[in-house]
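Topology and contacts: notes
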Amino acid sequence: MITLRLNHQQHDFLQTVVDRDAHLGNVADLVRAALRDAPDHQPSPATPHGRSTPSPRTAEREHTLEPGTGKAFEVAAGQVVRIEQIEGHQCVDLNVFARHDARERLHVGRTRGMQGPHPGPGDVLWSNAPWERPIMAIVGGTATTDTQFPFCSRLIYSAFFGLHDRTNCQEIQNEAQREYGLGPWDIHESLNLFMHTATGPGGEAVIRRNRARPGDHIEFVALIDLLVVPNVCGDDLSNCSNFGLRPVRVTIEQGRPADAERARAAYDRAVVLGLPRPREIAGARPLRRDSGYVAAFPHLPLRPADVPVEAADALTHRFAQARNTDLYGDDDAAALRDLVLSWAIERLGAFSGND
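These numbers come from a predicted model, not from an experiment.

Another aspect to go through is the overall build of the protein chain. Scanning the protein chain for helices and strands turns up nine helices and 16 strands. For the protein chain, the spread of C-alpha atoms along the principal axes amounts to about 70 × 40 × 40 Å. In the protein chain, buried positions account for 53% of the 355 residues. In the protein chain, 80% of the contacts between residues at least 6 apart in sequence involve partners at least 24 apart. For the protein chain, the exposed surface amounts to about 16,300 Å²; the carbon and sulfur share of it is 50%.

Below, the structure is given as structure tokens:
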């Protein structure tokens, strides 16, 4: 007997695959089919990885983002935002707004154009037109980043998976920013933190399995007064976060002289020949917290929906040969969930191609 550890929305997805496949009677049948088809795991060469270090700064506020949630943080110019893995493997979406005028916010496209697809330490994040200026500097960390993929939304799960009510970054972000009076129309394209992307065989951008480990982090210095809104990515059906939802730690810290120096150096590299002359823009929308706000994140709580599976010795041996030890070590539950959900997604894609 083996047990597939799922939450209820992952179970609902597997049931949609079962319902479309005449050869499968239930989810346990699907698990056995996935194990039979699983190829041997080919260990990957060791990947160079930055060393995770504790922060030397004084924390002013610390918050754990639970799965399916986000949080808006007021960050003054010069303060540091540190976002850190607790369990590892978790993608985080980041939205940023100017506190004194919500119309100015992070522009991921401009950031990609100015800093490349994977901004890191020494780079800055840019705001939208007509401001178009650096608003945050990345001053340290071990995280990978991505500017190419948009946030997951109800559209994605409906169009590609036939699912309509489940955690997704769009709705999580909308709820988190509502604390400061921002509506669903205010959401902007997110900067993806701890997302591992690469170039596919046809030159296209592809998402690889998440390599983030406990303690991996990224650190930003605010260059102006900001509202910083990170959320735990709501996608548990892809390798973006390795088929899981996990908590993440956010800390707002006092900046040190060394942080200011790194931020200034990043700014100077980004604007070597200067910025356009600033203009006065009427109609500012300052951001203020709604004192009556009570968080109401949709699609929570996530309920366990484990599946016990009768498996012959041959199948348990197949799992032992196929499990991804590079990523999951001795975590059999995570390795089995990855194997089964990956197989099911490919299976669903095959059905779609025949529709």
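A complete count under the given rule lists 28 salt bridges for this structure. Here the residues in one salt-bridge network are Arg57, Glu62, Arg82, Glu84, Glu219, Arg249, Glu253, Arg256, Asp259 and Arg262, joined through shared partners.

A word on the nonpolar core. Counting 46 residues, the largest nonpolar core has Phe13, Leu14, Leu30 and Val340 as its most contacted members. Listed by contribution, the elements that provide at least two residues to this core are strand E1 (2-4), helix H1 (8-19), helix H2 (27-37), helix H4 (154-161), strand E16 (307-309), helix H7 (313-322), helix H8 (325-328) and helix H9 (332-354). Looking at which element gives the most residues to this core, the answer is H9, with nine residues. The contact partners of leucine 30, leaving out residues within four places of it in the chain, are Leu14, Val17, Val18, Leu24, Val340, Trp343 and Ala344. Counting 30 residues, the second-largest nonpolar core is a separate cluster that includes Leu65, Ala143, Ile218 and Phe220.

Glancing now at the sheet that holds strand E13 (residues 217-222). In spatial order, the strands read E2-E15-E4-E13-E8-E7; together these six strands make up an open sheet with antiparallel pairing. This sheet does not close on itself; its edge strands, each paired only once, are strand E2 (59-65) and strand E7 (124-126). With direction set aside, neighbouring strand axes in the sheet form an average angle of 20°. When strand E4 (residues 80-85) meets strand E15 (residues 248-253), the two strands line up antiparallel, connected through six bridges. In the strand pairing of E15, arginine 82 is matched with threonine 251.

This part is about unusual backbone geometry. Both trends apply: most residues other than glycine have a negative phi, and most peptide bonds are in trans. The omega torsion of the bond from alanine 129 to proline 130 falls at 5°, within 30 degrees of zero and hence cis. By secondary structure assignment, the location of proline 130 is in the loop between E7 and strand E8 (134-141). Backbone torsion omega between leucine 300 and proline 301 reads 5°, so that peptide bond is classified as cis. Looking at the secondary structure, you find proline 301 in the loop between helix H6 (257-270) and E16. Even without glycine at this site, histidine 89 takes up a positive phi of about 70°. Relative to the helices and strands, histidine 89 is located in the loop between E4 and strand E5 (92-98). The residue phenylalanine 194 is not glycine, and still its phi comes out positive at about 60°. As for its position among the elements, phenylalanine 194 is in the loop between strand E10 (191-193) and strand E11 (197-199).

Conventions and cut-offs
- Residues numbered from 1 in each chain as written.
- Predicted model: local features only at pLDDT ≥ 70, side-chain atom pairs only at ≥ 80, totals over all residues.
- Heavy atoms only, no water.
- Helix = DSSP H or I, 4+ residues; strand = E, 2+ residues; numbered from the N terminus.
- Buried < 20%, exposed > 50% of the residue type's maximum accessible area, 1.4 Å probe, protein only.
- Contact = heavy atoms within 4.5 Å.
- Areas by Shrake-Rupley, 256 points an atom, 1.4 Å probe, with all protein chains shown as cover.
- Salt bridge = Lys/Arg side-chain N within 4 Å of Asp/Glu carboxyl O.
- Core = buried A, V, L, I, M, F, W, Y, C linked by side-chain atoms within 4.5 Å.
- Pairing = 2+ DSSP bridges.
- Axes fitted to C-alpha atoms, helices over the stretch in contact; angles between N-to-C directions.

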